[in-house]
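Chain and residue survey
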Amino acid sequence: MSWRRAIGVAVVIVLIAMTLAAIRLWPREPLAERIASSTAVFDRQGRLLRLTLASDQQYRLWTPLEDISPELVEALLLHEDQHFYWHPGVNVASLVRAAVSTYSGGPRVGGSTITMQLARLMYGLNTRTISGKLEQIVHAVQLELCYSKRELLEAHLNLMPYGGNIQGVGAASLIYFDKSAAGLGLSEALTLVVIPQSPARRAPEGDEPDDLRAARMRLFARWVEQHPEAVGAAEYVATPLRYASLRDLPFAAPHFTNAVLQRPRPAAVHSVNTTLDLQTQQTLERVIATYVREHSNVGIHNAAAMLVDYRDLSVRALVGSADFFDAAIEGQVNGTQAKRSPGSALKPFIYALAIDQGVIHPQTVLKDTPTAFGPFNPENFDGRFVGPITAREALIRSRNVPALTLASQLSTPSFYQFLRSAGITKMASAKHYGLALTLGGGEVTMEEAATLYAMLANRGRLAPIRYLADEPRAEGVRLLSEEASFMTLDMLRSAPRPDDSFARRRSGVQAAWKTGTSWGFRDAWTAGTFGPYVLVVWVGNFDGRGNPAFVGVQAAAPLFFRLLDALAAREKLIEPIYRQPPRLERVEVCSASGDLPNAECPQVVSTWYIPGVSPIRVSQIHRRVWVDTRTGEQACPPYDPKFTRSEVYEFWPTDLLQLFARAGMPRRQPPPPAECQRDVPSGTAPQITSPVIAVTYTVRSGQVGSETIPLVANADSEVRRLHWFVDESYVGTGTPGVAVGWQPAHAGRYLVRTVDDRGRADSRELVVELVR
């Protein structure tokens, strides 16, 4: 060969090499992205919840090569293409042998390599014609030039036909054997290798076809040649297998699965492992269906529930409606994501904020009396007022006035600011709600409510709920102190369990729970914690129709406890052990006032408190009074035992005295003070109730000087007169609980002050604006 010819050959070789390298290195779309895939959703134990259709209406679950049984991969190469790793996409010897056998009248013999089969499946080629076969060869070589052997083998395994619209070993193993491709046994792996040779004839429907078993045994014989140690498995491989079918594919936890499928995820992720527990899910679904059926006579047709393990914030069960397939109740709506009024279900967080801000401790005595908050005159659900009530009792009995009073006393954060910080979405402005937010004037989803109650269980630290097993648990942010969270849950545990005549068994598990009823009886709620779980239950109609039966304690609470009992029958509901919050201590207080007992307090109780934060003072309700037996008035010192006696009286504010009297329980009033005591300030100062804190009063510009603002205050039971002043100008004298009218002369800020006949005083700022 001349040197010129040698150089020419070398140049051609280099050009060919460069061309091949350019083709191989040219940016190309990964095969996994070119082939549409189903999505498989699994529970936390690896049980299939749903297998979706791919965009081309095939059941095809893209499964990486490393997640496929090595026995299946080896058997496939043994059966289809033993020289796969050595040929360039086409095995010429096999093609010639197949052509000679086919056209000489012999049996049909396959000559296609795995790469050629992949080309046929990817491009939908008709390879029964010579032109189709040539096109298949060209595409096979092209694939070999563009992709690695590993990528080609992986793609082929994901496109192998298994009858009907089932493709790929990932989908076939799930549909036929309810297993992942990595968990297949030898018999199952050999079966999935031989079905694609003739899927129309071998695809199992019920009993195993004889042809399928025979093909598996022929492949097993070849397998034994390569693996002599497997000869002992002959009987096992010969045993007919049991197959499921497309009809057996689960459609479990539909609302939860839909929510998971709608969440963004990387395009390459086709198997989704979730936090849901299928058995727990089925338990909740069964209990809810039974409950709705038993109460259909009172118009209860729909309910939803969400169970969260607050230890790792994972959703363990989610029932979005009583029946996903019932169009009459709009069953496909996911009730856990719908914005609804929570009623009183969020009151615990007002109490927790009040504890943190030093307004109350659990035994603080609050007033449940008729009270005006500007133009807002709230009532309780039962239309009655109970008078003095501890914070603990006010919370578990869901009294409205105490909750509103606490909400009005919160500083920073306010209840509105707290909810915004907690991630409650789609909230209007604070002015839009006012104090009505306390009674459910805003809207939350069940998921948002579950997040809030999980924060209580996690000692005040807020973090998002997890749906996916690989979602890392967020560190979260602290919105409440450990102490306030602990005390709030402790108060909620005091609530007695509601009656349920249908309940079959009652567990001894204690729950910290709260109910809620929205305005117009549209929503009944119960939310709470027990063991390691947070459970939120809702009963109502998705179209917002009200029903007098939709009362939290009557409709949702019995369902809450049925679900609790059903879970307790399945597992031990043991609450995680937490250390006692470091700043928390116990103290004895007077039961009547919630303050430290004085010498005259007849009964004390123990309560939690936070030193330096909780409001603790000496009780002033019970006081010893020396009475002059000659006048009936309080005696002046020194006390002459001949003409004086000592008695203990209860000194209640006037509004509570009036409430006691209306309830038929009048309190014995202390005698009036003697002249020598009327200027001695002792006992409890009066408390202004009107004007209302943080309310701006408006006066029409044409009626300045004629519109009246009422000035009202409560005072000790011994007080007979209250003197009123505005900016040091005397307005008038009245009696406790009775309004004195005042007419502002102009807009601006005023200081309103009242002084009782013992010299004790209270003051409040009043803002007046003019409107046209």
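Above this text sits the structure in question.
To keep things clear, this report deals only with the structure shown in the data block. (Residues numbered from 1 in each chain as written. Predicted model: local features only at pLDDT ≥ 70, side-chain atom pairs only at ≥ 80, totals over all residues. Heavy atoms only, no water.)

Side note on the overall build of the chain
For the chain, the helix and strand inventory stands at 23 helices and 26 strands. The globule rule puts the C-alpha radius of gyration for 772 residues at 28 Å, and the 39 Å found for the chain is more than 25% above it. Buried positions account for 51% of the 772 residues belonging to the chain. Contacts spanning at least 24 positions in sequence make up 66% of the contacts within the chain whose residues lie at least 6 apart. When the accessible area of the chain is evaluated, it comes to approximately 35900 Å², of which 54% is carbon and sulfur surface. In the chain, 80 side chains carry a positive charge and 76 a negative one; their mean positions are 2 Å apart. (Helix = DSSP H or I, 4+ residues; strand = E, 2+ residues; numbered from the N terminus. Rg over C-alpha atoms; globule rule 2.2 N^0.38 Å. Buried < 20%, exposed > 50% of the residue type's maximum accessible area, 1.4 Å probe, protein only. Contact = heavy atoms within 4.5 Å. Areas by Shrake-Rupley, 256 points an atom, 1.4 Å probe, with all protein chains shown as cover. Lys, Arg positive; Asp, Glu negative; His and termini not counted. Charge placed at Lys NZ, Arg CZ, Asp CG, Glu CD.)

With respect to the nonpolar core
Membership of the largest hydrophobic core comes to 77 residues, with the highest contact counts inside it found for Phe349, Tyr351 and Phe415. Among the elements that take part in this core, helix 20 (residues 446-457) stands out by supplying nine residues, more than any other. Excluding its chain neighbours within four sequence positions, the residues that come into contact with Phe349 are Phe415, Phe418, Leu452, Tyr453, Met455, Leu456 and Leu480. (Core = buried A, V, L, I, M, F, W, Y, C linked by side-chain atoms within 4.5 Å.)

Some thoughts on helix 11 (residues 210-226)
Helical geometry: 3.6 residues make up each α-helical turn, so side chains three or four residues apart lie on a common side. Across its 17 residues, helix 11 extends 25 Å between first and last C-alpha, which sits within 8% of the 24 Å expected from 1.5 Å per residue. Among the residues of helix 11, those classed as buried are Leu212, Ala215, Arg216, Leu219, Phe220, Trp223 and Val224. Buried-residue contacts for helix 11 involve helix 3 (70-80), helix 9 (186-194), helix 10 (199-202) and helix 12 (234-238). (Expected span 1.5 Å × (residues − 1).)

Description of the state of the cysteines
The bond known as a disulfide is covalent and runs between the sulfur atoms of two cysteines. Taken as a whole and assessed by the stated rule, the structure comprises one disulfide. Disulfide partner of Cys590: Cys601, at an S-S distance of 2.2 Å. Taking the sign of the torsion about the S-S bond as the criterion, the disulfide between Cys590 and Cys601, at about 95°, is right-handed. Note that Cys590 is positioned in strand 15 (residues 585-590) and Cys601 in the loop between strand 15 and strand 16 (604-609), a separation of eleven residues in sequence. (Disulfide = S-S within 2.5 Å.)

Some thoughts on the packing of aromatic side chains
For the structure on display, the rule yields 18 aromatic pairs. On the basis of an interplanar angle of 20° and a centroid distance of 5.6 Å, the ring pair of Phe256 and Tyr467 is categorised as stacked. You can see Phe256 sitting in helix 13 (residues 254-262) and its partner Tyr467 sitting in the loop between strand 10 (461-462) and strand 11 (477-478), a full 211 residues away along the chain. Here Phe256 matches Tyr467 in class, with each residue buried. (Phe/Tyr/Trp six-rings, centres within 6.5 Å; stacked < 30°, edge-to-face > 60°.)

Let's talk about the sheet that holds strand 24 (residues 740-742)
Read across the open sheet, the three strands follow the order 19-21-24; overall the sheet is antiparallel. Since the sheet does not close on itself, it has two edges, and those belong to strand 19 (687-690) and strand 24, each with one partner. Strand-to-strand twist in this sheet, taken as the mean axis angle between neighbours without regard to direction, amounts to 35°. Two elements, strand 21 (residues 709-714) and strand 24, share three bridges in a ladder whose sense is antiparallel. Paired with Ile709 across the two strands is Trp742, which belongs to strand 24. (Pairing = 2+ DSSP bridges. Axes fitted to C-alpha atoms, helices over the stretch in contact; angles between N-to-C directions.)

A short note on the environment of Pro611
Residue position: Pro611 is located in the loop between strand 16 and strand 17 (622-628). Residue Pro611 is classed as partly exposed on the basis of its relative accessible area of 33%. Along the primary structure Pro611 and Leu584 are separated by 27 residues, whereas in three dimensions their C-alpha atoms are 7.4 Å apart. Excluding residues within four positions of it along the chain, Pro611 makes contact with Arg583 and Glu585.

Comments concerning the sheet that holds strand 23 (residues 729-734)
Pairing is mixed in the open sheet, where five strands are placed in the order 20-26-25-22-23. Of all the strands in the sheet, the pair left with one neighbour each is strand 20 (696-700) and strand 23. Taken pair by pair, the neighbouring strands of this sheet meet at an average axis angle of 30°, ignoring direction. Where strand 25 (residues 748-756) meets strand 26 (residues 761-771), eight bridges bridge the pair, whose relative direction is antiparallel. Note that in strand 26 the partner of Tyr750 across the bridge is Leu766.

Comments concerning the pairing of strand 2 (residues 48-51)
Working note: regular strand, side chains alternate between the two faces of the sheet. In terms of strand pairing, strand 1 (residues 40-42) meets strand 2 through three bridges, oriented antiparallel. Directly across from Ala40, in strand 2, lies its bridge partner Leu51.

Re the packing of helix 14 (residues 278-294) against helix 22 (residues 552-570)
Across the interface, helix 14 lies against helix 22 with an axial gap of 10 Å and an inter-helix angle of 140°. Taken together, helix 14 and helix 22 sit at an angle that is classed as oblique. The two elements helix 14 and helix 22 meet at a crossing, and its hand is right-handed. Where helix 14 approaches helix 22, its residues Gln279, Thr280, Thr283, Leu284, Val287, Ile288, Thr290, Tyr291 and Glu294 are matched on the opposing element by Gln554, Ala555, Pro558, Leu559, Arg562, Leu563, Ala566, Leu567 and Arg570. Residue composition of the contact of helix 14 with helix 22, by class: ten nonpolar, five polar and three charged. (Parallel < 35°, antiparallel > 145°, perpendicular 65-115°, else oblique. Left-handed = near helix turned anticlockwise from the far one by under 90°. Nonpolar A, V, L, I, M, F, W, Y, C, P; charged D, E, K, R; others polar.)

Some points on the pairing of strand 14 (residues 533-540)
By the criterion of burial, strand 14 is predominantly enclosed, with eight of the eight residues buried. In this structure, strand 6 (residues 303-309) lies alongside strand 14, joined through seven bridges in antiparallel fashion. By the bridge assignment for strand 14, Ala304 is matched with Trp538. Pairing analysis gives eight bridges linking strand 13 (residues 523-530) to strand 14, with the strands arranged antiparallel. In the strand pairing of strand 14, Thr529 is matched with Val534. Hairpin connection between strand 13 and strand 14: a loop of two residues separates the two successive antiparallel strands, and Gly531 in this loop has a positive phi of roughly 50°.

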